[in-house]
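Each chain, letter by letter, is given below.
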Amino acid sequence: MDEVTDELIGFFRDPAILIGIPLALLGAVFMSFGAQYQHRGVTKVERLSGSSGKAGLNGRQLVSLLKRPSWVAGTVMLGLAIVCQLTALAFAPLIIVQPIGAISLVFTTLLNARVSGHKPTRQSIMAIIACVGGIFLFVTIAAFYATENPITERETIVILALLGVVLLALAGLWLWLRQRGQALFYIVASGMIYGFVATLAKVVIERIKANDFDWLTILTLVALLAAVIIGAYFVQTAYAVGPPDLVIAGLTVIDPIVAVLIGLTILQEAANAPPWAFVGFAVAGAIAVTGVITLARYHPQIVSDSQELPIQRGSTPPAEPDETA
């Protein structure tokens, strides 16, 4: 019987994987609403302060966010999304949980269209389909071949070292590009950082489950908290530059791609997958990334702003009083 179990793969070997999928879906819903409300709070702070956040939100603007009910509500919802995600990671491999967040892109697009008045165009809809379709293809393949493996100290140290290199590289790019206020940079940067956040969270969970709460686990937890703070700053700046569904598109594609690459190469979560599965992973990832780039280029709100139409980015519904958002 044990020999038969060892030969099984994916959810056939570990049915608990299927518990993580609905938890990840619930987290995607919370992420959608949280993104919309946080975006509303950031744009309100920009208007009240009379200063654009395209080059990075300043200290006064960051403090002002804490006074905006919409931003606080969005933060609470994102907190619930994180709880759902972490719980899902306790049941399912990283390469399954992370990509499911792409579903939040659909909800966020519908919410933003209603709030901002910018109806999705044919090109933006095709871009969203590419994002979600690519991720769905990825998860489908991963569900059959993903396996849980013990995370060693060597693997943990490698992940921490990679995070340090990525943060240094992004810091240099931020100093070079910050004055240009390009939404795609902030979205990619935050997506890369949050990919490491999810990975570090998985490492901490697995080490605690194995009763390995030592100095390396504490160091990983500190790195996790630092990455959350830095990533959150880039996300809030992205909200100041681009619409929320574009931000979510980047996060739900770049984030899982980074996490999945780590899961595949370092954590060996698809060690039993055949060669064609890796080809499928590459094709699915390319489709999803193409969708993000296309959405960044043809998003109706960005096109509208570039043409200087009299529609303010992220404007709130008329029914909501300006003072309470």
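Refer to the preceding data block for the structure.
Draft legend 1. Inspection of helix α9 (residues 153–177) at higher detail. Between its terminal C-alpha atoms α9 stretches 36 Å, which fits the 36 Å expected from 25 residues at 1.5 Å a residue. Of the residues making up α9, those classed as buried are Glu155, Thr156, Ile159, Leu160, Leu163, Val166, Leu170, Trp174 and Leu177.

Draft legend 2. Summary view of a nonpolar patch on the surface. A cluster of nonpolar side chains, namely Leu137, Val279, Val283 and Ile287, defines an oily patch on the protein surface of about 310 Å² accessible area. In terms of residue count, the dominant contributor to the nonpolar patch is helix α13 (residues 275–298) (three residues). Counting through the fold element by element, Val283 comes out in helix α13.

Draft legend 3. Just the layout of surface pockets, in detail. Of the volumes computed, that of the largest pocket is approximately 820 Å³. Lining the largest pocket are 36 residues, with Met31, Leu78, Ile82, Tyr194 and Val228 positioned closest to its centre. Of all the secondary structure elements, the ones that give two or more residues to the lining of the largest pocket are α3 (17–49), α4 (59–65), α5 (69–91), α6 (94–100), α10 (183–209), α11 (215–241) and α12 (244–265). For the lining of the largest pocket, the per-class residue count stands at 26 nonpolar, nine polar and one charged.

Draft legend 4. A look at the pattern of salt bridges. If you walk through the whole model with that rule in mind, you get three salt bridges. For the salt bridge of Lys202 with Glu206, the shortest nitrogen-to-oxygen distance reads 3.3 Å. Here Lys202 and its partner Glu206 are both found in helix α10, four residues apart, which amounts to about one turn of the helix. Taken individually, Lys202 and Glu206 each receive the classification buried, so the pair is uniform in this respect. In this structure, Arg207 engages Asp214 in a salt bridge whose closest nitrogen and oxygen atoms are separated by 3.0 Å. The network of salt bridges with common partners includes Lys202, Glu206 and Lys209.

Draft legend 5. Molecular detail of the packing of α5 against α10. Where α5 contacts α10, the two axes come as close as 10 Å, and the packing angle between them is 55 degrees. Taken together, the axes of α5 and α10 lie oblique to each other. Where α5 crosses over α10, the handedness of that crossing is right-handed. Where α5 abuts α10, its residues Leu86, Leu89 and Ala90 lie against Ala198, Ala201, Lys202, Ile205, Glu206 and Lys209. Of the residues in the contact of α5 with α10, the class split is six nonpolar, no polar and three charged.

Quick notes on the rules
- Residues numbered from 1 in each chain as written.
- Predicted model: local features only at pLDDT ≥ 70, side-chain atom pairs only at ≥ 80, totals over all residues.
- Heavy atoms only, no water.
- Helix = DSSP H or I, 4+ residues; strand = E, 2+ residues; numbered from the N terminus.
- Expected span 1.5 Å × (residues − 1).
- Buried < 20%, exposed > 50% of the residue type's maximum accessible area, 1.4 Å probe, protein only.
- Patch = residues over 30% accessible without salt bridge, like charges linked within 9 Å, V, L, I, M, F, W, Y side chains within 5 Å.
- Areas by Shrake-Rupley, 256 points an atom, 1.4 Å probe, with all protein chains shown as cover.
- Salt bridge = Lys/Arg side-chain N within 4 Å of Asp/Glu carboxyl O.
- 1 Å grid on protein atoms, 1.4 Å probe; cavity = no way out; pocket = protein on both sides within 12 Å on 5 of 7 lines; lining within 4 Å.
- Points joined across faces, edges and corners; volume = space filled by probe spheres on them.
- Nonpolar A, V, L, I, M, F, W, Y, C, P; charged D, E, K, R; others polar.
- Axes fitted to C-alpha atoms, helices over the stretch in contact; angles between N-to-C directions.
- Parallel < 35°, antiparallel > 145°, perpendicular 65-115°, else oblique.
- Left-handed = near helix turned anticlockwise from the far one by under 90°.
- Contact = heavy atoms within 4.5 Å.

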